[in-house]
Amino acid sequence: MAATDSDGDEIRGTLRGSAPVPLSVLDLVTVGAGRTASDALRTSVELARLTESRGFHRYWVAEHHSMPGVASSSPAVILAHLAAHTDRIRLGSGGVMLPNHAPLVIAEQFGTLEALAPGRVDLGLGRAPGTDGATAAALRRTDRLNEGADDFPQQLAELTRFLDDDFPDGHPYRRIHAVPGPVQATSPGGVQSPHRPPIWLLGSSGFSARLAGMLGLPFAFAHHFSAQNTIPALDLYRRSFRPSEVLDAPYALIGVAALAADEEREARRQVRAAALNMVRLRMGRPGLVPTPEEAEAYEFSPMEEEFVRSWNANVIHGTADEVRTGLDDLQKRTGADELMLTGNAHSGEVRVRSYELIADAYGLPARV
């Protein structure tokens, strides 16, 4: 694909400062206790502006449903809002859970985003529901949930055809067009750019890794919640890779949970509160992200304490220098081409400060 982004091409970013690879952001739009979704969305705008100004390559929003502490159920809507408040940073979904949606709808949504922010939109796709089974059934209007995941390659192919407007003659969808899209370039008087967002495949296991490799697509792995599978999945992706019109060599990013604070103790307090939120989610009691004070007062059972220990072992946290060292080590171990940082905490102020500190630790420019 043609390079359209001033900070590298559509896939590969540009190295900045002393970071070993390009740095990016994954935003779950977390909502803390005593805060509102509006507060969380304002933080997302602030974060997008900050990370754009500091040279982060892309800013992705995840799709999750029926979780009070996560306000990112509608990535396309949030991305449209962020597009209005940014100029250069790439914006994308990390990801859209394709089995939850009709491929035509996603093609239309991301065609619209491409029209709003030409040349800087990514379409990251996953095949998990991004929620519990009951909510997935409500989203998909069926309780036959395995069918959606099993049909993912076919859904992906259909979505790609809609984005490229190239269903073959005789196909039942040949006369159906995703608008905005390429059909506007071929219509009489059309001047619409035929460009469309690049597709990424997301995964936390081997299925999407293999599929991304076979199709020659970029791959994003969810290290932040499936760390034990990271290296096997990346190895599988690289072994499966076949050059394509999109990429001539594999390109993989990994999502990394990372939180920096001015003091190590404060970082520990913040990630322990976020871990309590995960404990409650795993127990079927999802809620708002608790305050550090609530987490300090909470009496963890031995099983819960073990979960927190295990969970936070994969959260790179501490002072800025400690986080930088952890990120450097992780990149060396995995060979990731890009690190996408997600910093979950109770307050937006803590999250913003974390990205500031990480940018400073790598000597990223104050303005680019």
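Residues numbered from 1 in each chain as written. Predicted model: local features only at pLDDT ≥ 70, side-chain atom pairs only at ≥ 80, totals over all residues. Heavy atoms only, no water.

The name that an unreviewed UniProt entry assigns to the chain is LLM class flavin-dependent oxidoreductase, with the source organism given as Streptomyces thermocoprophilus. As stated in UniProt under Sequence similarities (unreviewed entry), the record for the chain gives "To bacterial alkanal monooxygenase alpha and beta chains." (UniProt positions renumbered as here; feature names shortened; annotations may be inferred.)

S.K.: Explain helix H14 (residues 348–361) to me, please; I cannot follow it from the model alone.
M.R.: What sets the pattern is the α-helix's 3.6 residues per turn: residues three or four places apart point alike. For H14, with 14 residues, the first-to-last C-alpha span of 20 Å sits near the 20 Å given by 1.5 Å per residue. With 10 of 14 residues buried, H14 is to be regarded as a mostly interior element. Residues of H14 that are buried: Gly 348, Val 350, Arg 351, Val 352, Ser 354, Tyr 355, Leu 357, Ile 358, Ala 359 and Ala 361. Check the buried side of H14 and you find it contacts strand E1 (23–27), helix H1 (37–53), strand E7 (252–260), helix H10 (264–282), helix H13 (320–334) and strand E9 (338–342). Of the residues trailing H14, Gly 363 is marked for its positive phi of about 65°. (Helix = DSSP H or I, 4+ residues; strand = E, 2+ residues; numbered from the N terminus. Expected span 1.5 Å × (residues − 1). Buried < 20%, exposed > 50% of the residue type's maximum accessible area, 1.4 Å probe, protein only. Contact = heavy atoms within 4.5 Å.)

S.K.: When you look at the nonpolar core in this model, what are you seeing that I'm missing?
M.R.: Grouped burial of nonpolar side chains is what soluble globular proteins tend to show. Formed by 86 residues in total, the largest nonpolar core has its most connected members in Leu 125 and Leu 327. Counting 15 residues, the second-largest nonpolar core is a separate cluster that includes Ala 273, Ala 295, Val 315 and Val 350. (Core = buried A, V, L, I, M, F, W, Y, C linked by side-chain atoms within 4.5 Å.)

S.K.: Help me out: how do you make sense of the layout of surface pockets in this one?
M.R.: Rolling a probe over the atoms, with the probe sized like a water molecule, indicates the empty space that remains. In this structure, the second largest pocket encloses a volume near 260 Å³. Along the wall of the second largest pocket there are 14 residues; nearest its centre are Thr 160, Arg 196, Leu 215, Leu 217 and Val 246. Every element with two or more residues in the lining of the second largest pocket is listed here: helix H6 (152–164) and helix H8 (206–215). Among the elements that make up the lining of the second largest pocket, the one with the highest residue count is H6 (five residues). (1 Å grid on protein atoms, 1.4 Å probe; cavity = no way out; pocket = protein on both sides within 12 Å on 5 of 7 lines; lining within 4 Å. Points joined across faces, edges and corners; volume = space filled by probe spheres on them.)

S.K.: I tried to follow the packing of H13 against H14 on my own but got confused; where do I start?
M.R.: Relative orientation and spacing of two packed helices are given, respectively, by the angle between their axes and the distance between those axes. With their axes 9 Å apart at the nearest point, H13 and H14 run at an angle of 70° to one another. By the angle between their axes, H13 is roughly perpendicular relative to H14. Contact with H13, carried on its side by Ala 320, Val 323, Arg 324 and Leu 327, involves Leu 357, Ile 358 and Ala 361 of H14 and no other residues of that element. (Axes fitted to C-alpha atoms, helices over the stretch in contact; angles between N-to-C directions. Parallel < 35°, antiparallel > 145°, perpendicular 65-115°, else oblique.)

S.K.: Which parts of the structure should I look at to understand unusual backbone geometry?
M.R.: Residues apart from glycine generally show negative phi values, whereas peptide bonds are mostly found in trans. In this chain, Gly 94 is followed by Gly 95 through a cis amide linkage whose omega measures 0°. In this structure, Pro 180 follows Val 179 across a cis peptide bond, with omega equal to 0°. You can see Pro 180 is positioned in the loop between H6 and helix H7 (183–186). If you check the backbone angles, Val 29 has positive phi at about 50° while not being a glycine. Position of Val 29 among the secondary structure elements: in the loop between E1 and H1.

S.K.: Is there a simple way to think about the environment of Asp 360 in this case?
M.R.: Within the element layout of this structure, Asp 360 appears in helix H14. On a C-alpha basis, the gap between Asp 360 and Arg 54 in space is 9.0 Å, while along the polypeptide they are 306 residues apart.

S.K.: I keep staring at empty space enclosed by the protein and nothing clicks. Help me out?
M.R.: If you walk through the whole model with that rule in mind, you get two cavities of 30 Å³ or more. In this model, the largest cavity occupies a volume close to 100 Å³. Every element with two or more residues in the lining of the largest cavity is listed here: helix H3 (103–116) and H6. Ranked by residues supplied to the lining of the largest cavity, first place goes to H3 with three residues. For the lining of the largest cavity, the class distribution of residues is seven nonpolar, five polar and two charged. The computed volume of the second largest cavity comes to approximately 50 Å³. What lines the second largest cavity is simply Thr 14, Arg 16, Ala 19, Val 21, Pro 22, Leu 23, Gly 55, Phe 56 and Leu 364. When grouped by side-chain class, the residues that make up the lining of the second largest cavity number six nonpolar, two polar and one charged. (Nonpolar A, V, L, I, M, F, W, Y, C, P; charged D, E, K, R; others polar.)

S.K.: Just to check I follow, could you spell out the pairing of strand E4 (residues 121–126) for this structure?
M.R.: Two faces belong to every sheet, and in a regular strand the side chains alternate between them. For E4, the tally of buried residues reaches six of six residues, placing the bulk of the element in the interior. Of the strand pairs in this sheet, strand E3 (residues 90–97) and E4 are connected by five bridges, and their pairing is parallel. When the bridges of E4 are listed, Val 96 appears paired with Leu 125. Handedness of the crossover is the feature at issue here: the chain leaves E3, passes through H3, returns alongside E4, and the resulting connection is right-handed. In this structure, E4 lies alongside strand E5 (residues 199–203), joined through three bridges in parallel fashion. The residue of E5 that forms the bridge with Leu 125 is Leu 201. (Pairing = 2+ DSSP bridges. Right-handed = clockwise from strand over helix to strand, strands pointing away.)

S.K.: Would you take a moment to explain the packing of aromatic side chains for this structure?
M.R.: Pairs of aromatic rings are described using the distance from one ring centre to the other and the angle between the two planes. Summed over all chains, the structure comprises 11 aromatic pairs. With centroids separated by 4.7 Å and ring planes inclined at 75°, the aromatic side chains of Tyr 298 and Phe 300 adopt a geometry described as edge-to-face. Under the relative-accessibility criterion, Tyr 298 is labelled partly exposed at 22%. Every member of this aromatic cluster is reached through a ring pair, and the members are Phe 219, Phe 221, Tyr 237 and Phe 241. (Phe/Tyr/Trp six-rings, centres within 6.5 Å; stacked < 30°, edge-to-face > 60°.)

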